[in-house]
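Residue strings, one per chain:
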2 protein chains.
Amino acid sequence: MELLKRKIETEGKLLDGGVVIVSGFLNHRMDIGLIDEIGREFYRLFESAKPTLILTVEASGIGIACMAARYFGKDVLFAKKKAGKNVAGEVYSASVKSFTKGTTFNIVVDKNYISAGDRVLIIDDFLAEGEATAGLIDLCRQAGAEVCGIGICIEKSFQPGGGKLRRAGYNLHSLAIVDRDENGQMSVRG
Amino acid sequence: MELLKRKIETEGKLLDGGVVIVSGFLNHRMDIGLIDEIGREFYRLFESAKPTLILTVEASGIGIACMAARYFGKDVLFAKKKAGKNVAGEVYSASVKSFTKGTTFNIVVDKNYISAGDRVLIIDDFLAEGEATAGLIDLCRQAGAEVCGIGICIEKSFQPGGGKLRRAGYNLHSLAIVDRDENGQMSVRG
């Protein structure tokens, strides 16, 4: 996606540890025109997969998932990182390791809000190690729901998540892919 | 807002501790048609306040803020509950006590993404004790930005947040207000 590629090239930064900084337009301050175009692009890519539910994980995925969900006319379910008092029912739970925060945590969804008949489109801002996506896939498996697509804004080619998901046969589309050369310089494939 | 009021009346639950459960349509599974209407209503209420930035806090506020931001054509900035490696710059920080989780945490925003010229519309899903909103107001104060409005989906009349903000003179609109009678029964004002 050309617009996202240009944004990453002009405003993104690659840190030494492999973290891509796009907090000025994607996952802290959100450029709402860009996010809306991202939502439209996900609709173009996954309309034919006929999702019945958009699934993401808090926090950065939620806004992107909502803007996409508007085009699909389908609900968003966001997995929570910790069940608070406002999740009252029984939950499906999966363990996830965070690359950017260096911690492991559980993600949960209320069993009432995802079911065996669902065709689930997973949407997230980043794909790096693939841990968060694997956790979301595991929640779908527990519910008996089918993962009909995985839409990612930015995939990091120098981490194994994308390769693993493609080899497993998932219908994965990344709107931008970030490469890193031997000097630690970033380039972006649209 | 009639649509939200009806949703709370038919699907919401009030727990003994005063927690209002709306996780089936607002803050876990999100009814995207409803959230879009909520965004439109916030635009109707706050268009004349001419916000330059929509501010919320992760996680439940983000989707609602994004759907509203589309109508305003303005960016969303969401405060993070903990600065990860993907927030690289200096931050403004405020302390917040969570009513639903029973914990205290810091919220932060990168100093580069809010400035003294901003007119900020704060949007959130709930107003109860008012701690999260007070934290967001504090972040605006540190940045020298002006809070031009506060838009809340559900205010709980039996907790003091709404009263405090109105007495302080803020331009506060709650789309639904939940009352609790002496038997612990909930009723909703549209």
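Quick summary incoming for the structure in this document.

What counts, and at which threshold
- Position labels on residues start from 1 in each chain and follow its written sequence.
- Here every chain gets a letter starting at A, and every ligand a number starting at 1, in the order they are written.
- This being a predicted model, a pLDDT of at least 70 is required before a residue's local features are given, and a value of 80 or more before pairs of side-chain atoms are given or counted; all residues contribute to the totals for chains, interfaces and linings.
- Water and hydrogen atoms were dropped before computing side-chain values, which therefore reflect all heavy atoms in the structure.
- Helix and strand labels come from DSSP, where a helix needs a run of H or I of at least four residues and a strand needs a run of E of at least two; each type is numbered from the N terminus.
- Only C-alpha atoms enter the radius of gyration; for comparison, a globular chain is expected to reach 2.2 Å times N to the power 0.38, where N is the number of residues.
- For each residue, the accessible area found with a 1.4 Å probe, counting protein chains only, is set against the maximum for its type, and the residue is called buried under 20%, exposed over 50%, and partly exposed in between.
- Note on contacts: a residue pair qualifies if any of its non-hydrogen atoms lie within 4.5 Å across the two residues.
- Calculation of accessible area relied on Shrake-Rupley with a 1.4 Å probe; when residues are assessed, cover is drawn exclusively from the protein chains displayed.
- Should DSSP find at least two bridges between two strands, the strands are taken to pair.
- Convention used here: a crossover is right-handed provided that the path from the first strand, over the helix, to the second strand proceeds clockwise when the strands point away from the viewer.
- In this description, the term disulfide denotes a pair of cysteine sulfurs within 2.5 Å.

We now examine the overall build of chain A. Scanning chain A for helices and strands turns up five helices and eleven strands. Taking 2.2 N^0.38 as the reference for a compact globule, 190 residues should give roughly 16 Å; the C-alpha atoms of chain A span a radius of gyration of 16 Å, in line with that estimate. Reported as C-alpha extents along the three principal axes, the dimensions of chain A are approximately 50 × 35 × 35 Å. Here chain A holds 190 residues, and the buried ones make up 58% of them. For chain A, long-range pairs separated by at least 24 residues make up 61% of all intrachain contacts whose partners lie at least 6 apart in sequence. If you sum the accessible surface of chain A, you get close to 7,600 Å²; carbon and sulfur atoms cover 44% of it.

So, about the pairing of strand β9 (residues 146-156) of chain B. The two faces of the sheet receive side chains in turn, since in a regular strand these alternate between them. Residues and elements named next belong to chain B. Counting buried residues in β9 gives ten out of eleven residues, a clear majority hidden from the surface. Pairing analysis gives eight bridges linking strand β8 (residues 119-127) to β9, with the strands arranged parallel. Bridge assignment links Leu-127 to a residue of β9, and that residue is Glu-155. Once the chain exits β8 it traverses helix α4 (residues 131-143) before rejoining the sheet at β9, and the crossover so formed is right-handed. Following the chain from β9 across helix α5 (residues 161-167) to the adjacent parallel strand β10 (residues 172-180), one finds a crossover that is right-handed.

Residue and element names in this part refer to chain A. Taken as a whole and assessed by the stated rule, the structure comprises zero disulfides over all chains. Looking at Cys-140, it has no disulfide partner, and the nearest cysteine sulfur is the one in Cys-148, 9.2 Å off. Since its relative accessible area comes to 0%, Cys-140 is described here as buried.

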